[in-house]
Amino acid sequence: MGALRWAGREVTTLSDESTERPRRFRRERRANVLGGRQHRHIVKVTAEEESALLAKAQQAKVSVPRLLVEAAMADGRETATDRQELAIELFGAFRLLSALSNNINQMAKATNATGELPENLGVTLGEVRRLASRIDVILDGFDAR
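(A) Looking closely at unusual backbone geometry. A positive phi is found at K61, a non-glycine position, where the angle reads about 60°. On the secondary structure map, K61 appears in the loop between α1 (47–60) and α2 (64–74).

Below, the structure written as structure tokens:
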């Protein structure tokens, strides 16, 4: 179980899996634009600021220039990287919800056939409740401005 910063708050992530992003979600640099980027800015920082920037960029899995641009352009809202992290978490929740719904359907089929409730029904329903509350926490952190 990991954590992610969303709208200035730390949010518990859904997966107990590795925090490594799938290949399609890994991109440290920003995408190329037609005509290229014509302007550049040089920012001088202290050693402490450099260390903090490097740590934040590494945590967000982006380059320092991308971190600075996204933070400046976000205007106090979530950045593109934050939205991408949210999408990853919600896709994970969707996969888990699909697996849970499959288990519940199998239990319902068995209950209809035998007339007896499966012994692990309570555990499965508990997992559904836990997943729903974790999705609520993620969505509460979503800044929908």
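Resuming the write-up.
(B) Structural view of the packing of α1 against α2. Here α1 crosses α2 at 85°, and the two axes come no closer than 9 Å. Between α1 and α2, the angle falls in the class roughly perpendicular. Judged by residue contacts, L53, L54, K56 and A57 of α1 engage V64, L67 and L68 from α2. Its residues placed into classes, the contact of α1 with α2 shows six nonpolar, no polar and one charged.

(C) Summary view of the nonpolar core. Within the largest apolar cluster, six residues are counted, these being L53, A57, A60, V62, V64 and L67. Of all elements in the fold, only α1 and α2 reach the threshold of two or more residues within this core. Looking at which element gives the most residues to this core, the answer is α1, with three residues. When neighbours within four sequence positions are excluded, L53 is seen to be in contact with V45, V64, L67 and L68.

(D) Just α2, in detail. When we look at burial in α2, the residues that qualify are V64, R66, L67, E70 and A74. Each buried residue of α2 sits inside an arc of 160° when the element is viewed along its axis, so together they form one side. Counted as exposed and oriented over 90 degrees from the buried face of α2: P65, A72 and M73. D75, located one to two residues past α2, shows a positive phi value of around 55°.

(E) Structural context of a nonpolar patch on the surface. Side chains of V43, V45 and L68 sit close together on the surface and give an oily, nonpolar patch of about 230 Å² of accessible area. Structurally, V45 is set in the loop between β2 (9–12) and α1. A residue is classified by how much of its surface remains accessible, and V45, at 33% relative accessible area, is partly exposed.

(F) Expanded view of the pattern of salt bridges. One pass over the full model with this rule turns up two salt bridges. For R66, the salt bridge identified is with E70, shortest N-O distance 2.9 Å. Of this pair, R66 and E70 are both found in helix α2, four residues apart, which corresponds to roughly one turn of the helix. Neither residue differs from the other here; R66 and E70 are each classed as buried.

(G) Focus on helix α4 (residues 121–140). Its 20 residues give α4 an end-to-end C-alpha distance of 29 Å, which sits within 8% of 28 Å, the value for a rise of 1.5 Å per residue. For α4, the set of buried residues is T124, L131, R134, I135 and I138. The buried side chains of α4 occupy one side of the element, clustering within an arc of 105° when seen end-on. Exposed side chains of α4 directed beyond 90 degrees from the buried face belong to R129 and D140.

Rules behind the numbers
- Residues numbered from 1 in each chain as written.
- Predicted model: local features only at pLDDT ≥ 70, side-chain atom pairs only at ≥ 80, totals over all residues.
- Heavy atoms only, no water.
- Helix = DSSP H or I, 4+ residues; strand = E, 2+ residues; numbered from the N terminus.
- Axes fitted to C-alpha atoms, helices over the stretch in contact; angles between N-to-C directions.
- Parallel < 35°, antiparallel > 145°, perpendicular 65-115°, else oblique.
- Contact = heavy atoms within 4.5 Å.
- Nonpolar A, V, L, I, M, F, W, Y, C, P; charged D, E, K, R; others polar.
- Core = buried A, V, L, I, M, F, W, Y, C linked by side-chain atoms within 4.5 Å.
- Buried < 20%, exposed > 50% of the residue type's maximum accessible area, 1.4 Å probe, protein only.
- Arc of directions from axis to C-beta.
- Patch = residues over 30% accessible without salt bridge, like charges linked within 9 Å, V, L, I, M, F, W, Y side chains within 5 Å.
- Areas by Shrake-Rupley, 256 points an atom, 1.4 Å probe, with all protein chains shown as cover.
- Salt bridge = Lys/Arg side-chain N within 4 Å of Asp/Glu carboxyl O.
- Expected span 1.5 Å × (residues − 1).

Fair warning: the whole summary comes from geometry, so function is off the table for now.
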